[in-house]
Amino acid sequence: MKQRQAKQQQQAAPKPSTSSSSASTPKISIKKGGSSTTTTLSTGSQPAVQPRVDQLKNDMEALGLSSSGKSLQQVEDEEKAARFERDRREREREESQSAAQVIASKEKILSEVREKAQQEGGGEKPTLSLVVIGHVDAGKSTLMGRVLHELGETEDRVVEGFQRQSAKLGKASFAYAWTFDALEEERERGVTIDVAIDSFSTLHRKFTLIDAPGHRDFIPNMISGAAQADVAILVVDGSSGAFEKGFEGGGQTREHAVLVRSLGVRELVVAVNKLDAVDWSEKRFESIKLQLWPFLTTEIGFLPSNLHFVPVGAMSGENLVEARNPILKSWWAYPGYTLVETLDHLQVPNRSLEAPLRIPVSNVFKGQSATASGLAVSGRVESGIVQVGERLAALPGDETGVVRAIEVDTELVPYALAGQNATLFLSGIDALQLSIGTVLCPPSQPIPVVSSFVAQIIVFEPKYPITAGYAVELFHHSRDIPASISRLDALLDKTTGEVIKAKPRLLSKNSSAKVLIQLRPSPGIRSSLIPIEPFSVNKSMGRVLFRRGGETVAAGIVLECLQ
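Rules behind the numbers
Residues numbered from 1 in each chain as written. Predicted model: local features only at pLDDT ≥ 70, side-chain atom pairs only at ≥ 80, totals over all residues. Heavy atoms only, no water. Helix = DSSP H or I, 4+ residues; strand = E, 2+ residues; numbered from the N terminus. Buried < 20%, exposed > 50% of the residue type's maximum accessible area, 1.4 Å probe, protein only. Contact = heavy atoms within 4.5 Å. Areas by Shrake-Rupley, 256 points an atom, 1.4 Å probe, with all protein chains shown as cover. Core = buried A, V, L, I, M, F, W, Y, C linked by side-chain atoms within 4.5 Å. Axes fitted to C-alpha atoms, helices over the stretch in contact; angles between N-to-C directions. Left-handed = near helix turned anticlockwise from the far one by under 90°. Nonpolar A, V, L, I, M, F, W, Y, C, P; charged D, E, K, R; others polar. Pairing = 2+ DSSP bridges. Salt bridge = Lys/Arg side-chain N within 4 Å of Asp/Glu carboxyl O. Phe/Tyr/Trp six-rings, centres within 6.5 Å; stacked < 30°, edge-to-face > 60°. pLDDT = per-residue confidence, 0-100. Parallel < 35°, antiparallel > 145°, perpendicular 65-115°, else oblique.

A. Geometry of the overall build of the chain. Helices and strands together make up the secondary structure of the chain, namely 13 helices and 26 strands. In the chain, which comprises 563 residues, the proportion classed as buried is 44%. Nonlocal contacts in the chain, meaning residues at least 24 apart in sequence, comprise 68% of its contacts between residues at least 6 apart. Element-wise, carbon and sulfur atoms account for 51% of the exposed surface of the chain, whose accessible area totals about 29,500 Å².

B. View of the nonpolar core. Ranked by internal contacts, the top residues of the largest apolar core, which has 42 residues, are V260, V270, L292 and L296. Excluding its chain neighbours within four sequence positions, the residues that come into contact with V270 are L234, V236, L292, L296, H308, F309 and V310. I466, I481, A483 and V544 belong to the second-largest nonpolar core, a separate cluster that totals 25 residues.

C. Layout of the packing of helix α8 (residues 219-226) against helix α10 (residues 253-262). Packing of α8 against α10 leaves a shortest axis separation of 10 Å and a crossing angle of 35°. Considering only the axes of α8 and α10, their crossing is right-handed. On α10, the residues touching I219, M222, I223 and A226 of α8 are E255, H256, L259 and V260. Looking at the contact of α8 with α10, its residues break down into six nonpolar, one polar and one charged.

D. Fine view of unusual backbone geometry. In this structure, the amide linkage connecting L395 to the following residue, P396, adopts the cis form with an omega of 0°. Counting through the fold element by element, P396 comes out in the loop between β12 (391-395) and β13 (399-408). Phi angles above zero are rare outside glycine, and D279 is one such case at about 55°. On the secondary structure map, D279 appears in the loop between β7 (267-273) and α11 (282-299). Residue class for D279 comes out exposed when judged on its relative accessible area of 58%.

E. Structural view of the pairing of strand β6 (residues 231-237). Within β6, seven of the seven residues are buried, which leaves it mostly tucked inside the rest of the structure. Alternating residues of β6 divide into V231, I233, V235 and D237 and A232, L234 and V236, and every residue in both groups is buried. Examined bridge by bridge, strand β3 (residues 127-133) and β6 share four bridges and lie parallel to one another. When the bridges of β6 are listed, V132 appears paired with I233.

F. Local environment of the environment of T495. You can see T495 is positioned in the loop between β21 (479-492) and β22 (499-502). Taking the C-alpha atoms as reference, T495 lies 9.4 Å from S512; in sequence the two are 17 residues apart.

G. Region of the structure containing the pattern of salt bridges. Applying the stated criterion across every chain yields a total of twelve salt bridges. In this structure, R324 engages E322 in a salt bridge whose closest nitrogen and oxygen atoms are separated by 4.0 Å. Overall, R324 belongs to the partly exposed group, its relative accessible area being 39%. Accessibility expressed as a relative area gives 44% for E322, which makes it partly exposed.

H. Inspection of α8 at higher detail. Summarising burial for α8: six of the eight residues are buried, a large majority. What α8 keeps buried is the set I219, M222, I223, S224, G225 and A226. Close packing links the buried residues of α8 with β3, β5 (206-211), α10, β20 (470-476) and β25 (543-548).

I. Examining the packing of aromatic side chains more closely. A complete count under the given rule lists seven aromatic pairs for this structure. Measuring from centroid to centroid gives 5.4 Å for F247 and F295, while their planes differ by 75°, and the two rings are edge-to-face. Of this pair, F247 sits in helix α9 (residues 242-247) while F295 sits in helix α11; the two residues are 48 residues apart in sequence, bridging distant segments of the chain. Take F247 and F295: they sit in the same class, and that class is buried. Ring pairing ties together the aromatic residues F243, F247 and F295, which thus form one cluster.

J. Layout of the environment of K289. Secondary-structure assignment places K289 in helix α11. The sequence separation of K289 and V310 amounts to 21 residues, and the corresponding C-alpha distance is 9.8 Å.

K. The confidence of the model for the chain, seen in detail. In the predicted model, the chain carries a mean pLDDT of 80, and 73% of its residues have values of at least 70. pLDDT under 50 marks residues 1-46. Its contacts with residues more than four places away, or in other chains, come to 21 contacts. Note that pLDDT drops below 50 for residues 189-193; the model gives that stretch 19 contacts with residues more than four away or on any other chain.

L. The side chain of S362, seen in detail. Here S362 is to be found in strand β9 (residues 359-368). Owing to a relative accessible area of 17%, S362 belongs among the buried residues under this scheme. When near neighbours in sequence (up to four residues on either side) are disregarded, S362 contacts Q228, S378, G379, I436 and S478.

M. The arrangement of the packing of α10 against α11 in detail. Where α10 contacts α11, the axes come no closer than 11 Å and their chain directions differ by 30°. One finds that α10 runs roughly parallel with respect to α11. Our pair here, α10 against α11, has a crossing hand that is right-handed. Across the interface between the two elements, R254, A257 and V258 from α10 touch F295, L296 and E299 from α11. In the contact of α10 with α11, the residues fall into four nonpolar, no polar and two charged.

Shown next as structure tokens:
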């Protein structure tokens, strides 16, 4: 049996032949039209050839070659590039969809805001940012602390606590100032050091209150606060000799007024404080007004209709919300406004709601709210609208982040409008990419980031004339950075702006000029670039100040951004 099977297998085995492969290939005959055709069916690669193919492939891979003649590294690089391109297109598609949704959402918000404004009573109260300025010890913090108490914004028990604590330190007169001066050093020294922000409402207005320091050493902080303001209160000390010391004797009254006007504040309330020290003298009040009026109108450009003088007593609360003193009431019958009534009638500037979003960052911190926590930034929305879920670019830099939550006046809101001071909670961005002076904006509408620009400036009273190469500290919103007035292009007429002289050799006090500003590199500064826009494009983003040696030497507007 075994032998027969072996013999049958031996007879069935193919004989060595050059046509053995064809003998093992199945054939079928197909009859068509009376004739027959034989077709061979392929059964795939031959076992005898495959090992040699595999060996050749292995040899090519050992040499770093692919079947296309490219190295495997080249193939992998091409695959990575293709994946990167696919991912990029996908991101662009998603960002395009997201941008379209943001635009549609902002159009809806604009429609709602306009509709509310047309409602009877104007809808919500308009918001104004108010900065309080003046010479040190004029009573700025005390004045506004008392205003908040009189309006019921600060509870009686809180004020009583401040009074007890300040009395223990021998500074009982600073109790109301402690509403803003929360730092230990501020309370010990009795001076405001940092900018403090609060809010209050009058009958027709909502105010974001910015309490700025008055001491000369803290002018940079004062500039940071004033850059966020629409209107200002200039507090002057009406007691004998005190006003003159702050105004003429090297005090800060004059410089503070110049700074807020240069930063775009158009309406000013002058609060003549401490008149109780001179028995509410009308003569003293009029004397101070007579000295300030020509300086504020002629020298620095406030319109007479935008100046408001009010007699007040911060410690006693006189004429803040109500006039009670009979002597004051006897001569302050017309116009007779209290300080709060005066604030309630201030003009609300037009807001650039439809312009590209611009938020200069004034603070970066770890935030905590009822529904959001983590990386947070605060600043004033200078133009446009920002909303939750929006992706923003942080310039200078190359990173973006997403807005997780927005706070305005400590309340969570779905969006914030131009003119509001807001806190934004961000995700998806490194804290190292954010700093004071960073500008947040849409990735599709970035603000120019430059190292040089052309500006039109007004020179104040520098100790030495300005020449080409004059080193300065450039202030733009909350940021200050080393710079140089590297070129003097033209001397201009202050009234008409016409060129008086091309390429002047120097600039003296009270002159106007067109100049080239160049940023200077400095150790410890992450970037010698500044996000800035021409004044003609965005007024709030196109104002600049220049200081040197502890004094403000010039201010101006950006005419052209250069690379």
